[in-house]
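Geometric and topological summary
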Amino acid sequence: MAPNSVAVTMEKPDNFSLLEINGSDPSSFPDNKRKSISPKQFSWFILLKAHRLVSSLSWLFASVKKRLAFSSKAINEEEDPKSRGKQMYRFIKACLVISIVALSIEIVAYYKNWNLDLVNRPSWEVRGLVEWSYVAWLSFRSDYIAPIVITLSKFCTVLFLIQSLDRLVLCLGCFWIKFKKIEPKLKDDELDLEDASNFPMVLIQIPMCNEREVYEQSIGAASQLDWPKDRILIQVLDDSDDPNLQLLIKEEVAAWAEKGVNIIYRHRLIRTGYKAGNLKSAMTCDYVKDYEFVTIFDADFTPSPDFLKKTIPHFKGNPELGLVQARWSFVNKDENLLTRLQNINLCFHFEVEQQVNGVFLNFFGFNGTAGVWRIKALEESGGWLERTTVEDMDIAVRAHLNGWKFIYLNDVEVTCELPESYEAYKKQQHRWHSGPMQLFRLCLPSIIKSKISVGKKANLIFLFFLLRKLILPFYSFTLFCIILPLTMFIPEAELPLWIICYVPIFISLLNILPSPKSFPFLIPYLLFENTMSITKFNAMISGLFQLGSAYEWVVTKKTGRSSESDLLAFAEKEEKLHRRNSESGLELLSKLKEQEMNLTVQETPKKSIGGLVRPSNKIKKRNMVFKKELGLAFLLLTAAARSFLSAHGLHFYFLLFQGLSFLVVGLDLIGEQIN
């Protein structure tokens, strides 16, 4: 052997690097005492890292606790057993506890270099109780848990692919409509604008309930519709329970009536049935029989003056037409991230879903507002019913079963508002996703017994209800929020990348096509849709099994935002209103405004300056905490930690960012917070 060589003998030559050292320079052999780390030093290093981790978690939990303390009343309202079932929250907590225990075991196994080969070792080679427990867990997991998770994941994957195919077909249909320039055409000549007697009688209904922020602009827009004054009647259907607000709305109606507008104020003494009950009550008036069409605008909708002239002519020469639906546009779509993400969804709904179904099937779900109904179609279909919280979809399905056709006008837009706070948006989505399941249970026998074609029956049952209202929230929550994090602890059931990455991104791209300016929000949109799946899934279950929260109706909070032209018109109207000679009206307005100012001063936080108490300019915000979203956030972040140990790559990043998105939503950090 050469004098300047060093021989190295290794007991386990599986993975090593060969290093040959020539020469006897002592610098080639560093000081072992200086470079090596003792077990005691390593223990202190681990303790330091653990202390930092615990400190970070303590800060996070302290923030959550503080938020809970400031919003205990709001949480109690949101988690009221009568309105929100706690079973889902308990299920999420159970999954979180299991994942934390599993992560703890996996961390121990990681630092002790255990692996799946332990399962194949003889029992006498397994040392220690912890190692034996880990081996037992691996065996139990592979024999009992993994087959169940694999079967459920395959089932959800099939549903995911079916729904993705449906989304692709809808987009292809939309492309075909654009390519062929297909649009509804008038079957007869347009209305004779010179002869007012040729204009049909139109009833305008504006249902509202405690809409303090928007009642003026909606009444003003309806009063300025370009239609002969003797051929139109506006019903302001006020269900408000605030006497002061009732007086304000009456004053607004009186102001327009003095200008020659045919408008009346109507208030129910017995307010049952929510919006459906309000509309049903209004249709019982004796004068309704003199009208041929009825147009409905919610309180935050401001139609353009030519709305009726763009919609009513489609009924002429088309006696089978029962509904003409216009498109919604949003005055506050760029207000914050939440409104931008909502705009993506609703643009796809109107541009693709409504348009394709209207062109190829002559049927779609009535959107509840910005639509014109033939009163005969309403009456023959049974009128407004109070049995669900989606009275608009209910009447649309019954009219379709009676043979009435629908037309959707994509080029006729009516401006409205999007919910700017997550609390308002969540309550709205809960109503929109629980109601269809209530309706499906009630309408299924009628659909089967109806005289429409088999194809239309299949479309109603399998596409309209099951696929788009039941399967979509089921698989999105189950697959991406429950199965995916569990597979990090069950490697046998690990999902491929095309399920969690490639296909969802492709479908998200299809959703964004109708609103190309939203392309930079592709990833936030994908994450937010998965975040909303817990609300939609919970609503779907409550509606399907008739739980208490399925019958909850909460009016969506409005802010009263208007476009620039609306603001100018409103300013001019306000100036004319205040110049009225009615002293009683001015006194009434001054008293009500004084009451509002007093309420504002009482609710405004106060500062003490030099012994004087003065109202602060800042209004205290009410922060919400959403427990289900927070539970899923910690579940996904726990799974992300397990994925990091296994170096899963994209799985880790998806779980990390999805968990953070749930955390942001759970702490009410998205959208405008409610005053």
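The model shown is predicted, which means the values in this text are computed figures rather than measured ones. (Residues numbered from 1 in each chain as written. Predicted model: local features only at pLDDT ≥ 70, side-chain atom pairs only at ≥ 80, totals over all residues. Heavy atoms only, no water.)

Quick word on the packing of aromatic side chains
Per the stated rule, a full pass over the model turns up 26 aromatic pairs. Ring centres of Phe364 and Phe406 lie 5.6 Å apart, and the angle between their planes is 65 degrees; on these two criteria the pair is classed as edge-to-face. Linking Phe364 in the loop between α10 (337–361) and β6 (371–374) with Phe406 in strand β7 (residues 405–416), this pair joins segments that are 42 residues apart in sequence. Here the two residues Phe364 and Phe406 agree in accessibility, since each one is buried. Here the aromatic cluster, defined as three or more aromatic residues joined through ring pairs, consists of Phe301, Trp328, Phe350, Phe363, Phe364, Phe366, Trp373, Phe406, Tyr408, Phe440, Phe464 and Phe465. A cation sits over an aromatic face here: Lys259 above Trp256, 4.0 Å from the ring centre. Across the ring face of Phe464, the terminal group of Lys469 is positioned such that the distance to the ring centre comes to 4.3 Å. (Phe/Tyr/Trp six-rings, centres within 6.5 Å; stacked < 30°, edge-to-face > 60°. Helix = DSSP H or I, 4+ residues; strand = E, 2+ residues; numbered from the N terminus. Buried < 20%, exposed > 50% of the residue type's maximum accessible area, 1.4 Å probe, protein only. Lys NZ or Arg CZ within 6 Å of the ring centre and 35° of its normal.)

What to know about unusual backbone geometry
At Lys181, a residue that is not glycine, the phi angle is positive and equals roughly 55 degrees. Within the secondary structure layout, Lys181 lies in the loop between α5 (129–180) and β1 (202–208). With a relative accessible area of 69%, Lys181 lands in the exposed category. Positive phi outside glycine occurs at Asp668, with the angle close to 60 degrees.

Structural notes on the UniProt feature "transmembrane region" (unreviewed entry) in the protein chain
Those places that UniProt annotates as "transmembrane region" (unreviewed entry) correspond, in this numbering, to residues 91–111, 144–177, 460–489, 495–513 and 629–645. The span residues 495–513 is 84% helix and 0% strand, and its two end C-alpha atoms sit 28 Å from each other. As annotated, residues 629–645 has a helix share of 100% and a strand share of 0%, and its two end C-alpha atoms lie 25 Å apart. (UniProt positions renumbered as here; feature names shortened; annotations may be inferred.)

Digging into the sheet that holds strand β5 (residues 321–330)
One open sheet holds the 7 strands; their spatial order is β3-β2-β1-β4-β6-β5-β7, and the pairing between them is mixed. Strands at the two margins of the open sheet, each flanked by one partner only, are β3 (263–267) and β7. Neighbouring strand axes in the sheet, compared pairwise and without regard to direction, differ in orientation by 20 degrees on average. Here β5 pairs with β6 via 3 bridges, running antiparallel. When the bridges of β6 are listed, Val324 appears paired with Val372. (Pairing = 2+ DSSP bridges. Axes fitted to C-alpha atoms, helices over the stretch in contact; angles between N-to-C directions.)

Describing the pairing of β6
On a regular strand, each side chain points to the face opposite its neighbour's, so the side chains alternate between the two faces of the sheet. Burial along β6 is two-sided: Gly371 and Trp373 facing one way and Val372 and Arg374 facing the other are all buried. Pairing of strand β4 (residues 293–296) with β6, which is carried by 4 bridges, proceeds in the antiparallel orientation. By the bridge assignment, Ile296 is partnered in β6 with Gly371.

Side note on helix α19 (residues 627–645)
Compared with an ideal rise of 1.5 Å per residue, which puts 19 residues at 27 Å, α19 spans 28 Å between its outermost C-alpha atoms and is within 8% of the ideal. Burial runs high along α19: 14 of the 19 residues are buried. Looking one or two residues beyond α19, the residue adopting positive phi is Ala647, at roughly 55 degrees. (Expected span 1.5 Å × (residues − 1).)

Let's talk about the nonpolar core
By size, the foremost hydrophobic cluster in this structure holds 84 residues, and its most contacted members are Ile204, Ile219 and Trp373. Beyond its immediate chain neighbours, meaning those up to four positions away, Ile219 contacts Ile206, Met208, Val236, Ile249, Glu252, Val253, Trp256 and Ile263. With 59 residues, the next largest nonpolar core counts Leu103, Phe537, Leu636 and Leu655 among its residues. (Core = buried A, V, L, I, M, F, W, Y, C linked by side-chain atoms within 4.5 Å. Contact = heavy atoms within 4.5 Å.)

Focus: the packing of helix α15 (residues 497–512) against helix α16 (residues 522–544)
In the contact formed by α15 and α16, the axes pass within 10 Å of each other and the chain directions differ by 105 degrees. Overall, the two elements α15 and α16 adopt an arrangement that is roughly perpendicular. Contact residues: α15 offers Pro504, Ile505, Ser508, Leu509, Asn511 and Ile512, while α16 offers Leu522, Tyr525 and Leu526. Here the residues of the contact of α15 with α16 are counted per class, giving 7 nonpolar, 2 polar and no charged. (Parallel < 35°, antiparallel > 145°, perpendicular 65-115°, else oblique. Nonpolar A, V, L, I, M, F, W, Y, C, P; charged D, E, K, R; others polar.)

Observations regarding the environment of Asp300
By the secondary structure assignment, Asp300 is in the loop between β4 and α9 (307–311). Spatially, the C-alpha atoms of Asp300 and Ser218 are 6.0 Å apart, while their sequence positions differ by 82 residues. Those residues in contact with Asp300, other than ones at most four positions away along the chain, are Val214, Gln217, Thr415, Cys416, Glu417 and Lys558. A polar atom in the side chain of Asp300 sits 3.2 Å from the backbone nitrogen of Glu417. (Polar contact = N/O pair within 3.5 Å; in protein donor to acceptor, adjacent residues only side chain to side chain.)

Quick word on a nonpolar patch on the surface
The grouping of Leu161, Trp498, Tyr502, Leu650, Tyr653, Phe657 and Leu660 at the surface amounts to a nonpolar patch, some 680 Å² of accessible area in total. Elements with a minimum of two residues in the nonpolar patch: α15 and α20 (650–666). Top contributing element to the nonpolar patch by residue count: α20, with 4 residues. Take Leu660: it is sitting in helix α20. (Patch = residues over 30% accessible without salt bridge, like charges linked within 9 Å, V, L, I, M, F, W, Y side chains within 5 Å. Areas by Shrake-Rupley, 256 points an atom, 1.4 Å probe, with all protein chains shown as cover. Salt bridge = Lys/Arg side-chain N within 4 Å of Asp/Glu carboxyl O.)

Section: helix α14 (residues 454–487)
Spanning 34 residues, α14 covers only 41 Å between terminal C-alpha atoms, well under the ideal 50 Å at 1.5 Å per step. Here α14 lies mainly inside the structure; 24 of its 34 residues are buried.

Details of the pattern of salt bridges
Under the definition given, this model contains 17 salt bridges. Salt-bridge contacts for Glu351 lead to Lys178; the nearest nitrogen and oxygen are separated by 2.7 Å. On the criterion of sequence distance, the pair formed by Glu351 in helix α10 and Lys178 in helix α5 is long-range, its members being 173 residues apart. Classification of Glu351 as buried rests on a relative accessible area of 12%. Residue class for Lys178 comes out partly exposed when judged on its relative accessible area of 43%. Among the salt bridges present, the one from Lys426 reaches Glu629, with a minimum N-O distance of 3.3 Å. Residue Lys426 is located in helix α13 (residues 422–449), and its partner Glu629 is located in helix α19; the two are separated by 203 residues in the primary sequence. Across this residue pair, the class does not change: Lys426 and Glu629 are buried. One network of salt bridges, with partners in common, ties together Lys178, Arg327 and Glu351.

Overview of the environment of Gly543
In this fold, Gly543 is placed in helix α16. Residue Gly543 is classed as buried on the basis of its relative accessible area, which comes to 0%. Sequence separation between Gly543 and Gly435 is 108 residues, and the spatial gap between their C-alpha atoms is 6.1 Å.

What to know about the pairing of β1
With 7 of 7 residues buried, β1 is to be regarded as a mostly interior element. Every second residue of β1 is oriented toward a common face, with Val202, Ile204, Ile206 and Met208 on one face and Leu203, Gln205 and Pro207 on the other, all of them buried. Sheet topology note: the β1/strand β2 (residues 232–238) ladder contains 7 bridges and is parallel. Among the inter-strand pairings, Pro207 is bridged to a residue of β2, identified as Leu237. Between the parallel pair β1 and β2, the chain is carried across by helix α6 (residues 215–223), and the sense of this crossover is right-handed. Where β1 and β4 come together, 4 bridges link them in parallel fashion. Across the sheet, the residue bridging to Val202 is Phe293, located in β4. (Right-handed = clockwise from strand over helix to strand, strands pointing away.)

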